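# Secondary and tertiary structure notes
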Amino acid sequence: QWLNSEDDIQCAIDSCPVDCIHWVGRQDLPALEYVSSRMVKVDVGIMMSFEGGPQRQDPFTAAEDFLKARAKLVERRQQREEDKRNVAGQWK
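So, a few notes on the structure that sits alongside this text.

Parameters at a glance
Residues numbered from 1 in each chain as written. Predicted model: local features only at pLDDT ≥ 70, side-chain atom pairs only at ≥ 80, totals over all residues. Heavy atoms only, no water. Helix = DSSP H or I, 4+ residues; strand = E, 2+ residues; numbered from the N terminus. Buried < 20%, exposed > 50% of the residue type's maximum accessible area, 1.4 Å probe, protein only. Contact = heavy atoms within 4.5 Å. Areas by Shrake-Rupley, 256 points an atom, 1.4 Å probe, with all protein chains shown as cover. Salt bridge = Lys/Arg side-chain N within 4 Å of Asp/Glu carboxyl O.

## Structural notes on the overall build of the chain
In terms of helices and strands, the chain carries four helices and zero strands. Its helices and strands in sequence order give the chain the pattern α-α-α-α, from N to C terminus. The proportion of buried residues among the 92 residues of the chain is 9%. Counting contacts in the chain only where the partners sit at least 6 residues apart, residues at least 24 apart contribute 53% of the total. With an accessible surface of roughly 8,100 Å², the chain has 54% of that area assigned to carbon and sulfur atoms.

## Comments concerning the environment of P30
Tracing the backbone shows P30 in helix α2 (residues 29–37). Assessed through its relative accessible area of 52%, P30 is described here as exposed. A sequence separation of 33 residues divides P30 from A63, and the C-alpha atoms of the two residues are 9.1 Å apart.

## Let's talk about the pattern of salt bridges
Counted under the stated rule, the structure contains two salt bridges. The closest approach of N and O atoms between E64 and K68, which form a salt bridge, is 3.3 Å. Taken as a pair, E64 and K68 lie in helix α4 (residues 59–90) at a separation of four residues, close to a single helical turn. Residue classification places E64 among the partly exposed residues on the basis of a relative accessible area of 45%.

Rendered as structure tokens:
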């Protein structure tokens, strides 16, 4: 959307019948694009007919869950590296 004016983008947001267009910060975009690329896409007409039907996880929640899981993975990796250094230091 980088070539559209803010007014054009806001008009698209306001006129979306299923509220699926949102303002997103540039820093949030990579995670949202990643999780969205793995989600099943649903036609707008089908989305509109799902009154009370099966709910899909929205990309914002999916991105938040992805970032939390990634942070835990990074933390575990750092802890393993620290543990390795501590064990290696004991043998010196």
